[in-house]
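# Chain and residue survey
Chain by chain, the residues run as shown.
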Amino acid sequence: MTPDISEELRLPVACPSCGSHLYRVSKVHNPDDKVFCASCKRFLCLYHEAQAMLEKGPSDELEAMIEEVVNRNHH
Ligand SMILES: [Zn+2]
């Protein structure tokens, strides 16, 4: 059994799958840690990307960035 080492993270972007703004990320906070949707477990982006979102807040630039991330994940 693996211990629960993740914590909740609220981001300005909605999950592309279910629209939730609540995500889960490892408490370790490595820049390369994966950020998952808390509801549907969809992979959104890496932790350092989530940090950038939180610093910038919602914007067109951010939307474009998310689209890029989401498209990348489809490959
Ligand atoms: Zn979701």
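Residues numbered from 1 in each chain as written. Predicted model: local features only at pLDDT ≥ 70, side-chain atom pairs only at ≥ 80, totals over all residues.

### Comments concerning the sheet that holds strand 4 (residues 43-46)
Convention followed: When DSSP finds two or more bridges between a pair of strands, those strands are recorded as paired. For helices the rule is a DSSP run of H or I covering at least 4 residues; for strands it is a run of E covering at least 2, with both sets numbered from the N terminus onward. Comment: axis = line fitted to C-alpha atoms, over the contacting stretch for helices; angle = value between 0 and 180 degrees taken between N-to-C directions.
Here we have four strands laid out as an open sheet, ordered 1-2-3-4, and antiparallel in their pairing. The strands lining the two open edges of the sheet, one partner per strand, are strand 1 (6-10) and strand 4. In this sheet, neighbouring strand axes are inclined to one another by 35 degrees on average, regardless of whether the strands run parallel or antiparallel. Taken together, the five bridges between strand 1 and strand 2 (residues 22-26) define a ladder with antiparallel strand orientation. Looking across to strand 2, one finds that Leu9 is bridged to Tyr23.

### Some points on the environment of Leu54
Formally: Neighbour counting defines burial: a residue surrounded by 20 or more other C-beta atoms within 10 Å of its own C-beta is buried, one with 12 or fewer is exposed, and intermediate counts give partly exposed, using backbone-placed C-beta atoms.
As for its position among the elements, Leu54 is in helix 1 (residues 47-56). C-beta crowding within 10 Å serves as the criterion here: with 11 such atoms nearby, Leu54 is assigned to the exposed category. Along the sequence, Leu54 and Arg10 sit 44 residues apart, while their C-alpha atoms lie 8.8 Å from each other.

### Looking at the environment of Gly19
Here Gly19 is to be found in the loop between strand 1 and strand 2. Residues Gly19 and Cys37, spaced 18 residues apart in sequence, show a C-alpha to C-alpha distance of 9.3 Å.

### Thoughts on the nonpolar core
Side chains that are nonpolar tend, in soluble globular proteins, to be buried together. What counts here: One nonpolar core equals one set of buried Ala, Val, Leu, Ile, Met, Phe, Trp, Tyr and Cys residues connected by C-beta atoms within 7 Å. By definition, residues are in contact whenever their C-beta atoms, placed on the basis of the backbone, come within 7 Å of each other.
If you look at the biggest cluster of nonpolar residues, it comprises eleven residues: Leu9, Leu11, Cys15, Tyr23, Val25, Val35, Cys37, Leu44, Cys45, Ala50 and Met53. Within the residue set of this core, elements represented by two or more residues are strand 2, strand 3 (34-37), strand 4 and helix 1. When sequence neighbours within four positions are dropped, the list of residues in contact with Leu11 reads His21, Tyr23, Ala50, Met53 and Leu54.

### Regarding the pairing of strand 3
The alternating pattern of strand 3 places Val35 and Cys37 on a buried face and Lys34 and Phe36 on a face that is not buried. Pairing of strand 2 with strand 3 involves two bridges; the strand directions are antiparallel. Looking at strand 3, one finds that Tyr23 is bridged to Cys37. Sheet topology places strand 3 next to strand 4; three bridges connect them, and they run antiparallel.

### Some points on the confidence of the model for the protein chain
Basically, it comes down to this: For every residue, the predictor assigns a confidence score, pLDDT, that lies between 0 and 100.
Across the protein chain, pLDDT averages 86, with 88% of residues at or above 70. At the level of individual helices and strands, the protein chain shows its lowest average pLDDT in helix 2 (residues 60-73), which scores 75, and its highest in strand 2, which scores 96.

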